Amino acid sequence: MPRPRSPLSRLFTVLLAGLLAGLVLAVAALPGNLLAGVTAKAALGAYDELPAALRTPATPQRSYLYANDGTTLLTTFYDVNRTDVPLAEIAPVMRQAIVAAEDRRFYSHGGADLRGLARAVVANLTGGSAQGGSTLTMQYVRNVLKTDPSRTAEERQAATEQTIGRKLQEIRYATALEDTLSKDEILNRYLNIAYFGSGAYGVAAASQRYFGKAPADLTLGEAALLAGLVQSPDEYSPIDGDAEAALTRRGYVLDAMVATGAITEAQAAQARAEKPTLRPTAQPNGCVATQTADAGFFCDYLRRWWLEQPAFGATAEEREQALRRGGYRVVTSLDPDVQATAVSQARKVYADDDARALPIAAVEPGTGRVLAMAVNRRYGVAENETVNPLISGGGSVEGYQAGSTFKMFTMLAALEAGKPLATGFDAPSRLPTRYAAEGEGSCDGRWCPANANPERMDGYRMMWDGFGRSVNTYFVWLAEQVGEDKVVEMAQRLGITFRSEADAAFASDDAANWGAFTLGVAATTPLDLANAYATVAAEGTYCAPTPVVSVTAPDGTKVPVGQPSCKRVLEPDVARAATDAARCPVGQQSAYGQCNGGTASGVDRIVGRPVAGKTGSSEKNATETFVGFTPQVAVAGIAANPDDPSDAVGAAVQSKVIDAVARIIRAAVDGQPVRDFTAPSRELAGNPQRPEPKPSPRPEEPRREREIPSDILRWLQNRRG
């Protein structure tokens, strides 16, 4: 179908005709090889004078995000839907079709085909079908210059202006390219940049968009259809445009392929008779379009991590552009099986539309790789969806109180100060402290924390059963012995970030007086908490959390990001001792046999291998938390109402949170070898000798009636009188 010509294009045709008129007759008689030589000399161009984008292609390409298996696609990022592929991965019929459709003399000219230009001039002047006369090489030049991100908007617009100057520059650049690059290199570049309609740039994107397949698998009919789209992509698109026009154009391409000898008439007839089997495939774009196990929150965390990496640009804007236009292949740390389990477990506790939420994070000890980030929410902007970072924190999300899980930091600070696990204290139901307080929770004007369950918690405790039974008064006392500022510093050392201004101010200015810190009154996130416990699981090696395993640039080079960034923050024996006590809450036994009750004893049965962890309940059960770990994974979940901290989730949900986290741990270690924890030294364990229990009072014997002696009876009577 001929395209209507604008007055501007007709004017350009007339001007170009005047320029070429003197050449037409001479050119028509020249052999092809002589013509190529003439145009090369006339171009007066040199390869090293070309714009950088033509010498080193920097065409915008889609970036792909995969799960840690390297094959499960999570999503893609792009401004322009394009992915470069080598010529060997493009079906031969596709290469032949594009040459036949756009530049039959491609393999014989030197970049600019004056015969083709002359033919286009004659056709345009005589009112025939509008023809551009541009070779594939010239079209490639134009496409690069109009999409080059390093050029200004005005420069990109000038690349398509209908002027003689622009056309001559295009010829000059095309000829210089042909002097240096092989025909196959130019053809490959062209096929990777041409626009095929429906948002698809390059043959890889086009074959996926229209047929849901790789360009190597295109049939003759499919290749001819795609090649026909280039002349007028939006008009001919069989998805968004005129499907009949697309078939007509396909027929033209098949005839052209017969004319060039690429196929036979019989092959063309067979392809022409086939009805295209379209499988329109919309490529996902961004975190709202993740394909696997609701990984939108993980994707968002990765994007925010990406924007902080100098390797992708000097500014956040440049890094964002690199993600959307750089053509990177990103293998993330997300484990699709662990992620699917985490999402399923979160939704077993709360429905998607519940005001309350269970954000969960899973981290690999020793690497910091984030294996899963799940919550009973959909990532998005529609109703009942959110883009708030509920799992990792940031923006308006400061986090949630994690209760007694912070007792881990008090225990670590005490162990580091040389206090052994056997450090004993006769924990009372309430413990008067040095901090002034009024109202509920005070004793004679002093803060006076209480044990949640005196019957199970009061009495002589050591770190093992103090942690296992979650004895508040033991740990408040222990924090006083060590220094509350040391406890706060320990939490920060293990990656706890204070996003709340009030928490940050307390930590910075008055940590030594933050007596309640050990009870988990500071806000945190499941990701920070899981990573802190992963540091203990890794025997004191802290690794910054990372969402990436590897990032590969389009040229195959590895970008130096995503490798574990680790440092030792605890002596191994200190971490081992804390782990030994952390086996008490989950129903297992310490290496020294000192566990005698736990708040999450069912975890042992679910996980079925060495495991440790800690529960946490904030004031009045506003939140309920459980964090558990093995040597291979640490998982934390916090039940809360992210939008209303006053909406207490209640104690009843704690067992569900424990069960959910335990099952995620089991899924994460499934198929991995069973690894035990290393026992701490005898020196750090101490001498776990408990005092002899006080004998219970003997039950009184039944009173027997006895006769009162008469003299005593008279004395008593006289006293009454």
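Residues numbered from 1 in each chain as written. Predicted model: local features only at pLDDT ≥ 70, side-chain atom pairs only at ≥ 80, totals over all residues. Heavy atoms only, no water.

Packing of helix α17 (residues 336-349) against helix α27 (residues 654-669) brings their axes to within 9 Å, and their N-to-C directions diverge by 165°. One finds that α17 runs roughly antiparallel with respect to α27. Relative to α27, α17 is oriented so that their crossing is right-handed. Across the interface between the two elements, V338, T341, A342, Q345 and V349 from α17 touch K656, D659, A660, R663, I664, A667 and A668 from α27. Counted by class, the contact of α17 with α27 contains seven nonpolar, two polar and three charged residues. (Axes fitted to C-alpha atoms, helices over the stretch in contact; angles between N-to-C directions. Helix = DSSP H or I, 4+ residues; strand = E, 2+ residues; numbered from the N terminus. Parallel < 35°, antiparallel > 145°, perpendicular 65-115°, else oblique. Left-handed = near helix turned anticlockwise from the far one by under 90°. Contact = heavy atoms within 4.5 Å. Nonpolar A, V, L, I, M, F, W, Y, C, P; charged D, E, K, R; others polar.)

A few words now on the nonpolar core. Of all hydrophobic cores here, the largest spans 109 residues; its most connected members are W306 and M411. At eight residues, helix α24 (residues 526-537) tops the list of elements feeding residues into this core. V85, A223, A246 and A268 belong to the second largest nonpolar core, which has 61 residues in total. (Core = buried A, V, L, I, M, F, W, Y, C linked by side-chain atoms within 4.5 Å. Buried < 20%, exposed > 50% of the residue type's maximum accessible area, 1.4 Å probe, protein only.)

Here we have four strands laid out as an open sheet, ordered β2-β1-β5-β17, and mixed in their pairing. At either margin of the open sheet sits one strand with a lone partner, and together these are β2 (73-77) and β17 (548-552). Across the sheet, the axes of successive neighbouring strands diverge by a mean angle of 15°, strand direction being ignored. Two elements, strand β5 (residues 329-332) and β17, share four bridges in a ladder whose sense is antiparallel. Bridged to V330 within β17 is V551. (Pairing = 2+ DSSP bridges.)

If you check helix α6 (residues 136-147), its first and last C-alpha atoms are 17 Å apart, about what 12 residues at 1.5 Å a residue would give, namely 16 Å. Of all 12 residues in α6, 10 are buried; the element is thus mostly enclosed. Buried within α6 are the following residues: L136, T137, M138, Q139, Y140, V141, N143, V144, L145 and T147. Summarising the contacts, the buried residues of α6 are in contact with α3 (52-55), α4 (92-102), α7 (153-158), α8 (164-180), α9 (183-193) and α16 (316-325). (Expected span 1.5 Å × (residues − 1).)

On inspection of all chains with the given rule, the structure shows four disulfides. Across a sulfur-sulfur distance of 2.1 Å, C543 and C566 are joined as a disulfide pair. As the torsion about the S-S bond is roughly 105°, the C543-C566 disulfide counts as right-handed. Here C566 lies in strand β18 (residues 566-568) and C543 lies in strand β16 (residues 541-543), a separation of 23 residues in the sequence. With a relative accessible area of 35%, C566 lands in the partly exposed category. Looking at the chain, its bonded cysteines, counted consecutively from the start of the sequence, adopt the pairing 1-2, 3-4, 5-6, 7-8. (Disulfide = S-S within 2.5 Å.)

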